[in-house]
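Chain by chain, the residues:
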Amino acid sequence: MPELPEVETTKTSLLPLIGQNIQSVTVFEPRLRWPIPDDLHRLQGQKLLKLTRRSKYILAEFEQDRMLWHLGMSGSFRLCETHEEKRKHDHLILQFDDIQLRYHDPRRFGCILWWDAETEAKLLAPLGPEPLSETFNAEYLSQKLKNKQVGIKIALMDNHVVVGVGNIYATESLFNLGIHPAQIASSLSMQQIEKLVQETKRILQHAIQLGGSTLRDYSNAMGENGYFQQTLLAYGRAGEMCVNCETTLENLKLGQRASVFCPQCQPLKQVAKTTAIKRGKIK
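In this text, all values refer to a predicted model and were calculated from it rather than measured experimentally.

Trainee: Sorry, what's going on with the side chain of Gln46 here?
Mentor: For Gln46, the location among the structural elements is in the loop between β1 (22-27) and β2 (48-54). If near-sequence neighbours (up to four positions away) are discounted, Gln46 is found in contact with Gln20, Asn21, Ile22, Phe62, Glu63, Gln64 and Asp65.

Set out below in structure tokens:
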């Protein structure tokens, strides 16, 4: 699934559309995670005024309407010339003044919705702070973790705690700090929390600078791949040697997600025997 750096990179690659008018709207397959609105033709004739990001959502503001876009598991936007051949899983084409915006999604878990009071309350309001904002700081995270009896990786990937820290970037942040992914979140010291906030921000900023991670078929709207995967030290490297101590990296499943760690560099801190690690689903 595209994570925050990939969505931020996609949003940036769409900025050339700002100031252009939509000439036509063509929906080929409306059945995404939620159906594409059947009145999407309302966009025709409207100018795109602004593009922002909240968590993994791209927020598009037009002259009269606002939209909320999510890439889901396999979605992507592509800027195309009109003559370019349509691909099999291109479900939506927005024709702007001099270029087309095409939404491509083989698994159809993404969404193209109106950004209104209903979607605001349902999808945006429950979200935690942006990880690169000043709101996400050690004091805030300490309060969120103090009663959490789950592995720190699960807590870090909980969108109610902080948005957009996906599996790749949580794995790398914890590896770099020597924190075991299953360490009980409430057991982290204030010093560890301070470093975790700093490292999470650093990793995400670095990933954005490198255009995100292309592990399968991710690319931005210009068709360009990301390069952060070339810097990965832990994610996807189970069975390989740790770059620090040459111990074999191991894999632990937490929240239904693979969690690669080094048993030597990331020892699991002992906690009270009555404390159990919850391995529930990540929301």
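So that's the structure; there's more coming.
Trainee: I'm lost on the pairing of strand β6 (residues 90-96) in this one. Help?
Mentor: Along a regular strand, successive side chains alternate from one face of the sheet to the other. Within β6, seven of the seven residues are buried, leaving the element largely enclosed by the surrounding structure. Sheet topology note: the β1/β6 ladder contains five bridges and is antiparallel. Counterpart to Ile22 in the pairing with β6 is Phe96. In the sheet, β6 pairs with strand β7 (residues 100-104) via five bridges, with the strands oriented antiparallel. Counted as the bridge partner of Asp90 is His104 from β7. Linking β6 to β7, which pair antiparallel, is a turn of three residues.

Trainee: So what exactly am I meant to see when it comes to the pattern of salt bridges here?
Mentor: If you walk through the whole model with that rule in mind, you get 11 salt bridges. For Arg87, the salt bridge is made with Asp90, and the minimal N-O distance between the two is 3.8 Å. Residue classification places Asp90 among the buried residues on the basis of a relative accessible area of 2%. Linking Arg237 and Glu240 is a salt bridge whose minimum nitrogen-to-oxygen distance equals 2.9 Å.

Cut-offs used in this document
Residues numbered from 1 in each chain as written. Predicted model: local features only at pLDDT ≥ 70, side-chain atom pairs only at ≥ 80, totals over all residues. Heavy atoms only, no water. Helix = DSSP H or I, 4+ residues; strand = E, 2+ residues; numbered from the N terminus. Contact = heavy atoms within 4.5 Å. Buried < 20%, exposed > 50% of the residue type's maximum accessible area, 1.4 Å probe, protein only. Pairing = 2+ DSSP bridges. Salt bridge = Lys/Arg side-chain N within 4 Å of Asp/Glu carboxyl O.

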